Amino acid sequence: RPMAARRRRGDEMAKKGKDPRLGVTRTTKFEAKTKKGKRFLESRAAQQVEYVKRLLLLYGRKTSQTVKDVLVELKHMRDRMECTHLTRKNEKIVPFEIGGETSLEFLCGKTHSGCFVVGSHSKKRPNNLIFGRVYDEKVYDLLEMGVENFRKAVASEAKQVFSPKPCFAFAGEEFENDADFKQLKSVLLDSFRGRVVESINLKGVDRVIMCTPAPSSGQGEVAKKRVLLRHYAIKLKKSGTRVPRVELLDIGPSMDLCFRRSRAAPVDVEKEAVKKVDEAIKRKKVKNVSDDVMDGTVGRIWLKPQDINAVPLKKPKGKKSRPVDA
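Keep in mind that this is a model prediction, so the values were computed, not measured.

**Digging into the overall build of the chain**
1) Next: Scanning the chain from N- to C-terminus turns up 9 helices and 12 strands.
2) Next: Counting all 326 residues of the chain, 32% fall into the buried class.
3) Next: Taking contacts inside the chain between residues at least 6 apart in sequence as the whole, the part at least 24 apart equals 65%.
4) Next: Counting every atom, the chain has about 23700 Å² of accessible surface; 53% of that belongs to carbon and sulfur.

Okay, structure coming up:
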């Protein structure tokens, strides 16, 4: 009887457009019945000026100890308030397979995450990391990387408190010409960008993540592409002048990332996602102030209604009374 009831419930959910295994609606669109619900759905929709991109770290079907250590180090490199780390295994998260990204999109929407990293391990693809981004609650693009020569952070330097916003340095013309390297650069910058700030203190720039392309000894065009990722601490020393002398200290983690599979974003979705935003939208809305193409910034003021008859006017000289001569 319990099995029959479960089957009937699964059939009913399938008729309503739901996945009976996940309990998540795949095609149903919600409509707000109240103004509060409308505001909530608008906050979840794609924004022209997007919020801070959170990072979601989670495990796939099978993981190795190396993959777990890599995800833990990535969590420490990102601000704790802007990163979510899920430690349970997810059997149904296979982003490159059809239907394997359903529960991943659900978790990204639930944690308000715009970027994610899925760690997995198999005989065919050992120590595997899948970087990806989400747009409009759908997977935007995917990039699969293999981890080699991984080294943890130095224990003595790990206790030191660093700024949550790292500095990135990409050395090599491959990051400007090659499609895979350009995608990796874009994904890394989005994953570790955090809050967008207008200015930054020089003392806040205390660490840098260095990415350098390096050839591999493997066979095939894909196997030759490899990136050396290193994490350095920036030390400002005295130089005898106003400009300090900069030294880099390797604090880890360090790893070699080799390219595997990738899936770029569709052309129409990419045009919609990278649409330029009007500068007037970025500014904070000011009451009674608007922007005009011809006149520029226009303000509106309110005046009390005036009675012209009661306004004191200056009398002309001809109407002034003059003294009469005797």
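**A word on unusual backbone geometry**
Across the chain, the bulk of peptide bonds are trans and the bulk of non-glycine residues have phi less than zero.
1) Next: Between G252 and the following residue, P253, the backbone shows a cis peptide bond with an omega angle of 0°.
2) Next: Take P253: it is sitting in the loop between β9 (245-250) and β10 (254-263).
3) Next: Look at N127: it is not a glycine, yet its phi comes out positive at around 50°.
4) Next: Mapped onto the fold, N127 is located in the loop between β3 (113-120) and β4 (128-135).

**Brief notes about the confidence of the model for the chain**
1) Next: Scored by pLDDT, the chain comes out at a mean of 81, with 79% of its residues at no less than 70.
2) Next: Considering each helix and strand of the chain separately, the mean pLDDT is smallest for helix α1 (residues 2-15), with a value of 56, and largest for β4, with 94.
3) Next: For the stretch residues 14-27, pLDDT sits under 50, and the model shows 21 contacts to residues farther than four places along the chain or on other chains.

**Brief notes about the packing of aromatic side chains**
1) Next: Applying the stated rule across the entire model yields 6 aromatic pairs.
2) Next: With a centroid separation of 5.8 Å and 10° between ring planes, the pair formed by F168 and F170 is classed as stacked.
3) Next: On the basis of relative accessibility, which here comes to 21%, the residue F170 falls in the partly exposed class.
4) Next: The rings of F168, F170, F175, F181, F192 and F259 are connected pair by pair, giving a single aromatic cluster.
5) Next: In this arrangement the basic side chain of R261 is found over the ring face of F96, its NZ or CZ atom lying 4.4 Å from the centre.

**Quick notes on the state of the cysteines**
1) Next: Within this structure, the stated rule accounts for 0 disulfides.
2) Next: The structure places no disulfide on C108, whose sulfur is separated from the nearest cysteine sulfur, that of C115, by 8.9 Å.
3) Next: Using a relative accessible area of 0% as the deciding quantity, one classes C115 as buried.

**Regarding the pattern of salt bridges**
1) Next: Enumeration according to the criterion identifies 17 salt bridges in this entry.
2) Next: With a shortest N-O distance of 3.1 Å, K53 and D190 are connected by a salt bridge. Taken together, the positions of K53 in the loop between α2 (35-44) and β1 (54-59) and D190 in helix α7 (residues 179-192) put the pair 137 residues apart, joining distant regions of the chain.
3) Next: Looking at K53, the relative accessible area reads 11%, which means it is buried.
4) Next: The buried category is assigned to D190, whose relative accessible area is 14%.
5) Next: What emerges from the salt-bridge pattern is a single network uniting K53, R133, D141 and D190.

**Here's the deal with the environment of R193**
1) Next: Structurally, the position occupied by R193 is in the loop between α7 and β7 (207-215).
2) Next: For the pair R193 and P164, spaced 29 residues apart in sequence, the C-alpha to C-alpha distance is 9.6 Å.

**Regarding the environment of E73**
1) Next: Here E73 lies in helix α3 (residues 65-77).
2) Next: Judged by relative accessible area, which is 11%, E73 ranks as buried.
3) Next: It is 8.9 Å that separates the C-alpha atoms of E73 and G252, two residues lying 179 residues apart in sequence.
4) Next: Leaving out residues up to four positions away in the same chain, E73 has contacts with F150, K152, A153 and P253.

**Let's talk about the nonpolar core**
1) Next: If you look at the biggest cluster of nonpolar residues, it comprises 30 residues, and the most contacted ones within it are L71, L74, V117, L129 and L188.
2) Next: Those residues in contact with L74 that sit more than four places away from it in its chain are L57, V117 and F192.
3) Next: Counting residues in hydrophobic clusters, the runner-up holds 12 residues, among them I93, L107, C108 and I130.

**Examining a nonpolar patch on the surface**
1) Next: Taken together, the side chains of L202, L236, V246 and L248 present a nonpolar region at the surface, about 390 Å² in accessible area.
2) Next: Relative to the helices and strands, L248 is located in strand β9.

What counts and how
- Residues numbered from 1 in each chain as written.
- Predicted model: local features only at pLDDT ≥ 70, side-chain atom pairs only at ≥ 80, totals over all residues.
- Heavy atoms only, no water.
- Helix = DSSP H or I, 4+ residues; strand = E, 2+ residues; numbered from the N terminus.
- Buried < 20%, exposed > 50% of the residue type's maximum accessible area, 1.4 Å probe, protein only.
- Contact = heavy atoms within 4.5 Å.
- Areas by Shrake-Rupley, 256 points an atom, 1.4 Å probe, with all protein chains shown as cover.
- pLDDT = per-residue confidence, 0-100.
- Phe/Tyr/Trp six-rings, centres within 6.5 Å; stacked < 30°, edge-to-face > 60°.
- Lys NZ or Arg CZ within 6 Å of the ring centre and 35° of its normal.
- Disulfide = S-S within 2.5 Å.
- Salt bridge = Lys/Arg side-chain N within 4 Å of Asp/Glu carboxyl O.
- Core = buried A, V, L, I, M, F, W, Y, C linked by side-chain atoms within 4.5 Å.
- Patch = residues over 30% accessible without salt bridge, like charges linked within 9 Å, V, L, I, M, F, W, Y side chains within 5 Å.

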